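Residue-level structural notes
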Amino acid sequence: ERAVEFARYLREERGLSQHTIHNRCWHSQAFLHWLSEQGSGLAELRLEQVDAFLALKREQGWCRVSMASGASALRSFLRYAGEQGWCTTSLAAGIEGPRLFSHEALPVGPKWEDVQRLIASSDTDEPKDIRDRAILLLLAVYGLRSGEIVALTLDDINWEQNILHVSRPKQRRKQDY
């Protein structure tokens with residue numbers, strides 16, 4: 001099968017990771033299945049059909065990152081398919097995915113109202129809640145990482161000057177807040 005040949009090419013000749021190979025093959029197989037359902041094959045494939053497939057995926061709820069990943073996988077597959085003579089060699093160059101912006105794929109944090117509710121839920125005189133509230137405030141207000149909070153000691157607090165010294169191992173220095 002063509003997807004198996006493509007996977008072998010990605011693994012043996014391109015040296016790609018198993019995750020990348022799986023992703024590209026999954027997208028390629030989904031496209032080939034859809035193309036078959038349309039009563040068409042690679043030999044007569046036109047760029048409009050690739051666009052129609054990607055438009056269908058967008059309508060089915062694919063986000064911009066998934067669309068870009070799918071377009072990239074199809075570009076890779078159709079470049080290989082063109083080299084093998086299965087389709088026109090110029091198809092791959094015509095596939096365009098959406099433009100992605102830096103940090104677009106990062107997960108979105110909780111709403112500030114939810115953070116405030118969480119902090120308020122720890123506003124008691126119980127020692128555990130006092131500790132938890134301090135941790136939540138360090139996370140939410142100062143943006144400290146969990147490892148930075150765990151590393152804090154009482155010596156890191158300058159009570160007279162209201163300064164908190166935070167060790168940032170990635171930067172190899174102390175940061176004052």
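Residues numbered from 1 in each chain as written. Predicted model: local features only at pLDDT ≥ 70, side-chain atom pairs only at ≥ 80, totals over all residues. Heavy atoms only, no water.

A closer look at the overall build of the protein chain
How we decide: Numbering of helices and strands runs from the N terminus; a helix is a DSSP stretch of H or I covering at least four residues, while a strand is a stretch of E covering at least two. In this treatment the radius of gyration is a C-alpha quantity, and the globule benchmark scales as 2.2 Å times the residue count to the 0.38 power. Note on exposure labels: buried denotes an accessible area under 20% of the residue type's maximum, exposed denotes more than 50%, and partly exposed covers the range between, all computed with a 1.4 Å probe on protein chains only. Residues count as neighbours in contact if any of their non-hydrogen atoms are within 4.5 Å of one another. Reported accessibility uses the Shrake-Rupley method at a 1.4 Å probe radius. Residues are deemed covered only where the shown protein chains occlude them.
Across its full length, the protein chain holds 7 helices and 3 strands. From first element to last, N terminus to C terminus, the protein chain shows the α and β order α-α-α-α-α-α-α-β-β-β. Computed over its C-alpha atoms, the radius of gyration of the protein chain comes to 26 Å, more than 25% above the 16 Å expected for a compact globule of 177 residues. When its C-alpha atoms are laid out on the principal axes, the protein chain stretches across 75 × 35 × 25 Å. The buried share of the protein chain, reckoned over its 177 residues, is 31%. Restricting the contact set of the protein chain to residue pairs at least 6 apart, pairs at least 24 apart contribute 38%. Carbon together with sulfur atoms contributes 52% to the accessible area of the protein chain, which is approximately 12,000 Å² in total.

Brief notes about the nonpolar core
We apply this condition: We call a set of buried Ala, Val, Leu, Ile, Met, Phe, Trp, Tyr and Cys residues a nonpolar core when their side-chain atoms join them within 4.5 Å.
The biggest cluster of nonpolar side chains holds 27 residues, and the ones touching the most others in it are Phe-31, Leu-42, Leu-45, Val-50, Leu-54 and Leu-78. Taken together, the elements giving at least two residues each to this core come down to α1 (2-13), α2 (18-37), α3 (47-59) and α4 (64-84). Counting residues per element, this core draws most heavily on α4, at 7 residues. For Leu-45, the residues in contact, after removing those within four places along its chain, are Phe-31, Leu-35, Val-50, Leu-78 and Leu-91. Counting residues in each nonpolar core, the second largest holds 5 residues, with Leu-138, Leu-144, Leu-164 and Val-166 among its members.

Quick look at the environment of Arg-168
On the secondary structure map, Arg-168 appears in strand β2 (residues 163-168). Given the relative accessible area of 13%, Arg-168 is considered buried. Distance in space between the C-alpha atoms of Arg-168 and Leu-144 is 9.5 Å, their sequence separation being 24 residues.

Things to note about the pattern of salt bridges
The condition is simple: Definition used for salt bridges: Asp or Glu carboxyl oxygen within 4 Å of a side-chain nitrogen of Lys or Arg.
Across all of its chains, the model carries 8 salt bridges by this definition. Linking Arg-8 and Glu-13 is a salt bridge whose minimum nitrogen-to-oxygen distance equals 3.4 Å. Judged by its relative accessible area of 30%, Arg-8 is partly exposed. With a closest N to O distance of 3.6 Å, Asp-132 and Lys-128 form a salt bridge. With Asp-132 and Lys-128 both in helix α6 (residues 127-140) and 4 residues apart, the pair spans about one turn of that helix. Taken together, the salt bridges that share partners define one network made up of Lys-128, Asp-129, Arg-131 and Asp-132.

Remarks on the packing of aromatic side chains
This is how the line gets drawn: The criterion for an aromatic pair is that two Phe, Tyr or Trp rings (for Trp, the six-membered ring) have centres within 6.5 Å, with stacked assigned to planes under 30 degrees apart, edge-to-face to planes over 60 apart and tilted to the rest.
Under the counting rule described, the total for this entry stands at 9 aromatic pairs. What links up through ring pairs into an aromatic cluster is the set Phe-6, Tyr-9, Phe-77, Tyr-80 and Trp-86.

Quick notes on unusual backbone geometry
Even without a glycine there, the phi angle at Asn-162 is positive, about 55°. Its location among the elements puts Asn-162 in the loop between β1 (157-158) and β2.

What to know about α3
As a reminder of what qualifies: Between the first and last residue of a helix there are one fewer steps than residues, each counted as 1.5 Å, and that sum is the expected span.
The terminal C-alpha atoms of α3 lie 18 Å apart, and with 13 residues this matches the ideal 18 Å at 1.5 Å per residue to within 8%. All of the buried residues along α3 are Gln-49, Val-50, Phe-53, Leu-54, Ala-55 and Lys-57. Against α2 and α4 lie the buried residues of α3. Gly-61 sits one or two residues past α3 and shows a positive phi near 105°.

Section: the environment of Ser-122
Mapped onto the fold, Ser-122 is located in the loop between α5 (112-121) and α6. On the basis of relative accessibility, which here comes to 6%, the residue Ser-122 falls in the buried class. Residues Ser-122 and Leu-136, spaced 14 residues apart in sequence, show a C-alpha to C-alpha distance of 9.0 Å. Once you skip the residues sitting within four places of it in the chain, Ser-122 turns out to touch Asp-129, Ile-130, Arg-133 and Leu-136.

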